[in-house]
Amino acid sequence: MRILFERELYGRDTLENLGLSSYAFYDRDNAHGTIPYVGYIFSPKVNDSIFILPKVFLFEGTGDKEKNEFAFGKYNKDTIIEISAEHNPLKQDGLNKILFSLSTWIYQAIDKYSIRHEKNNIVKRTTIQGVNSHNGKNDQTLIDTILALLRFHKRHANLFTYISIINSSGNNKIHWAKTINKVQPIIQDGCPCYVDFKNKNKIINIDEELIILFYSVLQYLKQQYHFPVKANVNYELIKPSKIDSMIKHGRGTRTLLKIRRKYFKDELVQLWKLLFTFFSQAETIRSGKCSEEALLATSFDRVFEDMVDCLVGDDEYAKLKENDDGKEIDHLYAEESFFEDKLIYFIGDSKYYSHGNDIDSKSIAKQFTYARNIIQVNIDIFNKGAENLTKSEEKVFNKMRYRDPLTEGYNFSPNFFIRGYINSKDLHKGHVDYSNDRLEHNSQVMPVNKHFHNRPFDRDTLILKAYNINFLFVLASYITNNSEEQTKIRIQRKFRNDLQRVYDEKFDFFKVWPHDGIDMLKEFVDKFFRKFHGNMYHVEGEDFIWFGFDKGTITKEQLCIELENSATIVPAKLVTN
């Protein structure tokens, strides 16, 4: 098994020796090349699987004078290419044992993306031609088959243990009839004494033959790809070198054909088909009669975007992601407003990989445009009036609230970037931690978009925040379908609560009760509208008005004077969900 990294420079000789010239792009002097893909290639030239990992697995380690990017934050990428090499430094931390699992998760993410987006143009799939899998799935790669064998083992371990117990019951017990008939006793004091015995050992049966072959193949694959598999059956297995010889000389498929149609259990029939597919693919590759097979993503950022969207996005609002100006929002979902039980949209953008903490100014400007577009969609519905709405628009009209008709103040529109990263703590001594989202603040300071100074409730006052999330958590959630409602709600709630904190840090909020009571709210707003337009927001049905100002620009006492001592004022925080 070999490991490369997306868009990293490698020597021309390295790429040619791996049989990857057709996938590489070389520099002007043809001395170095890069592979602009993420995914899997089986190269007949080295008779090995090659995984190209995303650049997110390259992150900063400390060099002698400056910070550089290293594989897994520690290793020179050129020294770890061949995982099984005797002096591969990955073995020091046991990372060689988890790379197959890690690589196949990336593989499965690309495969899932291609299924979810059938018309995509970023996934390239090349499979071995002329392989008869006997299960109707002739487009699967060798990795697909290996993963199917591992899943079969996980799901049917108890079945194999049961078969082993049944088949070995009675073994090694003395068979007295055979012993008396066939063994010459020694007579001592008139009593026969036997120094040799005939046992009830059973000859190997068909079930056992298939199970032995299965576990022998797993042991062979374990040696090739370094994944942990425990055999819970007490059989003498075929050595990996002999399995390799069977593949080389085409004996695997011939052996299986000899015992074909001798199984009645559905599970063993399925296992026979899986083993036949594996040997058929492996033998075809070894014979040199096929070109390489591959599953590659040309733009892995699109795959990461889909991964995050499954985790935080909401399909109910998918149509709104396509804006009239041709721009497309990455992630969109609805959460409770910071002021009331009406909903507002949370608008997110994925950044699967970027150097350091920098998110470029173009991305920031686009994100503010997304927010303005979403606001306008809701204002257009609002302006139609309830009697002129379609059913879908009426649903939005009743749930969403972006502008208060009393104060003409605008609800907040939270925006965020979400960037995947790897924490070295999650790759430690051969263990991978996929369980913790490790959602954290990105250290980059984002600008506040504003049209007027000190008007939080103006439609153009927009706040943007950047977050880092554990790439491994997002990956695992995507593959295991763990992005279900509970996980999704938890992650969305984290964004809401933190963005609430950001708003509270940037603005001072007050609840203001006019002394004349709720019936005079309109007159109160009209009186102070010119002075505080963009500072007021009213929640429908409440007898007070929210006032907001840039942090530190006004005190409660100053606001009381500005309002001519005509209201009760209480400093407030936004509503916690």
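All values reported here derive from a predicted model rather than from experimental measurement. (Residues numbered from 1 in each chain as written. Predicted model: local features only at pLDDT ≥ 70, side-chain atom pairs only at ≥ 80, totals over all residues. Heavy atoms only, no water.)

J.: Tell me about the packing of helix 7 (residues 251–258) against helix 8 (residues 266–287), and please be specific about residues and values.
T.: Contact geometry of helix 7 with helix 8 gives a least axis separation of 8 Å together with a crossing angle of 155°. It follows that helix 7 is roughly antiparallel to helix 8 by the angle criterion. In this structure, the crossing between helix 7 and helix 8 has a hand that is left-handed. Contacts between helix 7 and helix 8 involve Arg251, Gly252, Thr253, Leu256 and Leu257 from the former and Trp272, Leu275, Phe276, Phe279, Ser280 and Glu283 from the latter. Across the contact of helix 7 with helix 8, the residue classes break down as 6 nonpolar, 3 polar and 2 charged. (Axes fitted to C-alpha atoms, helices over the stretch in contact; angles between N-to-C directions. Helix = DSSP H or I, 4+ residues; strand = E, 2+ residues; numbered from the N terminus. Parallel < 35°, antiparallel > 145°, perpendicular 65-115°, else oblique. Left-handed = near helix turned anticlockwise from the far one by under 90°. Contact = heavy atoms within 4.5 Å. Nonpolar A, V, L, I, M, F, W, Y, C, P; charged D, E, K, R; others polar.)

J.: So what's going on with the sheet that holds strand 14 (residues 343–351)? Residues and values would help.
T.: Across the sheet, which stays open at both edges, the 5 strands sit in the order 13-14-15-19-18 with mixed pairing between neighbours. Since the sheet does not close on itself, it has two edges, and those belong to strand 13 (331–336) and strand 18 (440–441), each with one partner. As paired elements, strand 14 and strand 15 (residues 415–421) share 5 bridges and run parallel to each other. Bridge pairing links Lys351 to Arg419 in strand 15. Each of strand 13, strand 14, strand 15 and strand 19 (464–470) touches helix 9 (residues 300–312); the most contacted strand, strand 13, lies at about 20° to it. (Pairing = 2+ DSSP bridges.)

J.: Which residues make up unusual backbone geometry, and what values do they have?
T.: The phi dihedral of Glu408 is positive, around 60°, even though this residue is not glycine. On the secondary structure map, Glu408 appears in the loop between helix 11 (391–399) and strand 15. Glu408 sits in the partly exposed class, given a relative accessible area of 42%. At Arg438, a position not held by glycine, the phi torsion is positive, near 45°. Exposure remark for Arg438: the relative accessible area of 22% places this residue in the partly exposed category. (Buried < 20%, exposed > 50% of the residue type's maximum accessible area, 1.4 Å probe, protein only.)

J.: If you had to explain the sheet that holds strand 2 (residues 10–11) to someone new, which residues and values would you point to?
T.: Across the sheet, which stays open at both edges, the 3 strands sit in the order 2-4-3 with antiparallel pairing between neighbours. One side of each edge strand has no neighbouring strand; the edge strands of this open sheet are strand 2 and strand 3 (25–26). Pairing of strand 3 with strand 4 (residues 32–34), which is carried by 2 bridges, proceeds in the antiparallel orientation. Within strand 4, the residue paired with Phe25 across the bridge is Thr34.

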